[in-house]
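Observations on the model geometry
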Amino acid sequence: MAQVTGESLKTELEVFGIQCHDDAVLDKMVEQCICSRIQAGEMVFQWVAYSSSNGLKLTTDTLEQFDHEVLNKKSKSKKNFTKEEARNRTKDIHSLSDLIKAEEEEESLLDAYSTPGKGSQKRALTTPEHPRSKRGAALLSSPSLLLSPASFSPSATPSQKYSQRGAKGEVVVSFGVVQGTRWAGRQTPGAGVQLGLLEGPEDSLCCSYKYMFQRLRDIRNVLTEKIEELGNGLKSHFNIEELAPVSLPAQDSITVVGQICCDSNGKLNAHSVLLEAGSEQGGQQVPVDLSELKEYSLFPGQVAALEGMNTTGKKLMASKLYEGVPLPFYSAEVKMEEDKEPMNVLVACGPYTPSDSLTFDPLLDLISIIVKDRPDVCLLLGPFVDSKHEQIEKAQVTETFEAIFSRCIESIVDGTKSVGCRLVFVPSQRDIHHHFIYPQPPFTLPNLSKDQAQRVTLTPDPCTLLIDGVTVGLTSTDILFHMGAEEISCGTGSDRFTRILKHMLTQRSYYPLYPPVDEVNMDYEKFQSFGQMPLTPDVLIVPSELRYFVKDVVGCVCVNPGRLTKGQVGGTYGRLLIQRSAASEALNSAVQAR
């Protein structure tokens, strides 16, 4: 039976002068053709006969009526006739073949509408003349079949723009010595790689928690403690003798510490800056005049120390800005093995489907690259089931979001089994099936086998990993985009990405912006415990909608690998090659086009 599509039905309807531009109507007719096992032409003939006699227009409601009164009755009569004919027919090899073929088609139809765990339980029909091929059995576990578009949406078709993309595999930005570098893992990828959360499971966010209830007093306490902690760090680093209250009138130059905020609900600008002090300095706010500062970079939520005059107690005339101080880097208690093979790390961030289709072709291509290049570690960040996808927003899926996610992860784990690489899965607040909270607890994958679980590491967002003595900071939340819209600067001489990344490192936080953007649902008590940087990481991975880059910021290699898909076309992913030697630690990084 030829495949029935919306276009073929549209063409048949036009023969009778019926114009149909409603995709929902065409999708409904395609579904009815599949269920009733009829071709597009027969479907249209029956509809024209039915609608003409009843004076009906072509809508989804009238198609429901047509399905109930015409198609269902014909399907039942046809089924009864087939069974009666089968009982009376001579049981020769030809009739048996026809029956086997009919049952196989029925099972295939049922399997298309079932979840992986609830598929057909019938034994596969085989005969000596028609044995089941080994290739066919092997294909049943293929990642491409697990992620077949028909499994998720009846109207899913491969993205034309993605399949026609250019610049596949090109290196678009690099850091370190990339030319001539062999981007491949060790002889036995993943073997011997020491990977885990830096602070250990007991001090990390490892499970879900109750949220959606916060008292303003608790939020205030978290912010006050942050001001005091960073303020004490500034005082000791810059040898500041005394910190004055922000609203105390003084005729001499004073130094104050507080949190930058805006005097209204609008966007921060040079004339709307307030400094809010901690409880030790009175807890009050004072407007700040920045006209005498030659250079500055400020954003809401930043803890800073300002030196200047405040003669009236009502406005601080700032003359000097003390920026934050980053934490020290990691120093291993046990000396790592030196001069060993370089470690190859692949980094990719969702979405893993084009915006115009629920096909996972980009993910399947990424799995092919993993199998080909055999990296030691794959860092895969969400969203895996993107809440912003057009078909998910319109509820045009036939499976639950959890089922789609499970099959996605299963495809990645099974597809890379031959490689043996370590897999790290980081959730995103855009993952529609997961907790919409920051910090975000890790995924739960109860169906993983023991062998699979040994290769898989589930982490929260954000987190700090320790991979063979190298610390890697990760967050799937687009902090670059959020802070880029709020930060103001003057005369700094550096690009905005570098300034934002430096703010993250000096504020010692994966999300230093306050208040957060509307789409970030922050739990401040958990954020205080799990959203801060325990140290300055060797590598900081901050995927964003903004342009990809690799930068060295205060000694930390910061990577924005971009997203695997950008709208309807392919995006980018990142590669890291880490070589630890007796002389130094070298890190080569490249972002490649997908």
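Residues numbered from 1 in each chain as written. Predicted model: local features only at pLDDT ≥ 70, side-chain atom pairs only at ≥ 80, totals over all residues. Heavy atoms only, no water.

**Some thoughts on the pattern of salt bridges**
Per the counting criterion, the structure on display carries 14 salt bridges. As a salt-bridge pair, D218 and R215 come within 3.0 Å of each other at their nearest N and O atoms. Of the residues examined, R215 reaches a relative accessible area of 42% and is grouped as partly exposed. Note that D495 is salt-bridged to K551, the shortest N-O span being 3.5 Å. A residue pair is termed long-range when its members are at least 10 positions apart, and D495 in the loop between β15 (488–490) and α15 (496–507) and K551 in strand β17 (residues 549–553) qualify at 56 residues. (Salt bridge = Lys/Arg side-chain N within 4 Å of Asp/Glu carboxyl O. Buried < 20%, exposed > 50% of the residue type's maximum accessible area, 1.4 Å probe, protein only. Helix = DSSP H or I, 4+ residues; strand = E, 2+ residues; numbered from the N terminus.)

**A look at the pairing of β17**
Burial runs high along β17: four of the five residues are buried. Remark: two residues form the turn of the hairpin made by β17 and strand β18 (residues 556–560), two consecutive strands paired antiparallel; V554 in that turn has positive phi of roughly 45 degrees. (Pairing = 2+ DSSP bridges.)

**Topic: the state of the cysteines**
Here a disulfide denotes one covalent bond, and it connects the sulfur atoms of two cysteines. Counting across every chain of the model gives zero disulfides. Looking at C261, it has no disulfide partner, and the nearest cysteine sulfur is the one in C262, 7.9 Å off. (Disulfide = S-S within 2.5 Å.)

**Considering the nonpolar core**
In globular proteins that are soluble, nonpolar side chains generally tend to be buried together. Of all hydrophobic cores here, the largest spans 31 residues; its most connected members are L346, Y352, L366, L380, F384, I412 and F425. When contributions to this core are tallied by element, the ones reaching two or more residues are β9 (343–349), α10 (361–373), β10 (377–381), α12 (401–415) and β11 (422–426). The leading source of residues in this core is α12, at six residues. For F384, the contacting residues outside a window of four places in its chain are Y352, F360, F405, C408, I409, I412, F425, V426, D431 and F443. I219, L480, M504 and C558 belong to the second largest nonpolar core, which has 26 residues in total. (Core = buried A, V, L, I, M, F, W, Y, C linked by side-chain atoms within 4.5 Å. Contact = heavy atoms within 4.5 Å.)

**Quick notes on unusual backbone geometry**
Cis geometry is adopted by the peptide bond preceding P383, which originates at G382 and carries an omega value of 10 degrees. Mapped onto the elements of the fold, P383 is located in the loop between β10 and α11 (390–393). In this model, N239 sits at a positive phi of 55 degrees, which is unusual for a non-glycine residue. Inspection of the secondary structure assignment puts N239 in the loop between α9 (216–237) and β3 (250–262). Even without glycine at this site, A395 takes up a positive phi of about 60 degrees. Looking at the element boundaries, A395 is found in the loop between α11 and α12.

**As for the packing of helix α1 (residues 6–15) against helix α3 (residues 40–54)**
Packed helix pairs are characterised by how far apart their axes lie and by the angle those axes make with each other. In contact at an axis separation of 9 Å, α1 and α3 are set at 45 degrees when each is read in the N-to-C sense. As summarised for this structure, α1 and α3 are arranged oblique, according to the angle between their axes. The two elements α1 and α3 meet at a crossing, and its hand is right-handed. For the pair α1 and α3, contact is made by S8, L9, E12 and L13 and by A40, G41, M43, V44 and W47, respectively. (Axes fitted to C-alpha atoms, helices over the stretch in contact; angles between N-to-C directions. Parallel < 35°, antiparallel > 145°, perpendicular 65-115°, else oblique. Left-handed = near helix turned anticlockwise from the far one by under 90°.)

**So, a nonpolar patch on the surface**
Together, V15, F16 and F45 make up a nonpolar patch on the protein surface, roughly 320 Å² of accessible area in all. In this structure, F45 sits in helix α3. (Patch = residues over 30% accessible without salt bridge, like charges linked within 9 Å, V, L, I, M, F, W, Y side chains within 5 Å. Areas by Shrake-Rupley, 256 points an atom, 1.4 Å probe, with all protein chains shown as cover.)

**Structural notes on the pairing of β3**
Summarising burial for β3: 10 of the 13 residues are buried, a large majority. As defined by bridge partners, β3 adjoins strand β7 (residues 303–310) across seven bridges and the pair is classed as antiparallel. Opposite V257, over in β7, you have A305 as the bridge partner. Where β3 meets strand β4 (residues 273–277), five bridges bridge the pair, whose relative direction is antiparallel. The partner of C261 across the bridge, within β4, is L274.

**Regarding the environment of E170**
Along the chain, the position of E170 falls in the loop between α8 (160–163) and β1 (171–175). For E170, a relative accessible area of 46% gives the class partly exposed. When the C-alpha positions of E170 and T572 are compared, they lie 9.5 Å apart, and in sequence the two are 402 residues distant.

**What to know about α12**
Turn by turn, an α-helix covers 3.6 residues, leaving residues three or four places apart pointing in a common direction. Compared with an ideal rise of 1.5 Å per residue, which puts 15 residues at 21 Å, α12 spans 21 Å between its outermost C-alpha atoms and is within 8% of the ideal. Within the sequence span of α12, burial applies to A403, I404, F405, R407, C408, I409, S411, I412, V413 and G415. (Expected span 1.5 Å × (residues − 1).)

**Re the sheet that holds strand β13 (residues 463–467)**
The six strands are arranged β2-β13-β14-β16-β18-β17 in an open sheet whose pairing can be described as mixed. Two strands in the sheet have a free side with no partner beyond their single neighbour: β2 (195–197) and β17. Neighbour-to-neighbour, the strand axes of the sheet open up by a mean angle of 25 degrees, direction not taken into account. Alignment of β17 against β18, held across five bridges, turns out to be antiparallel. Note that in β18 the partner of V550 across the bridge is V559. Lying over the sheet, α15 contacts β16 (539–541), β17 and β18, oriented at roughly 55 degrees with respect to β17.

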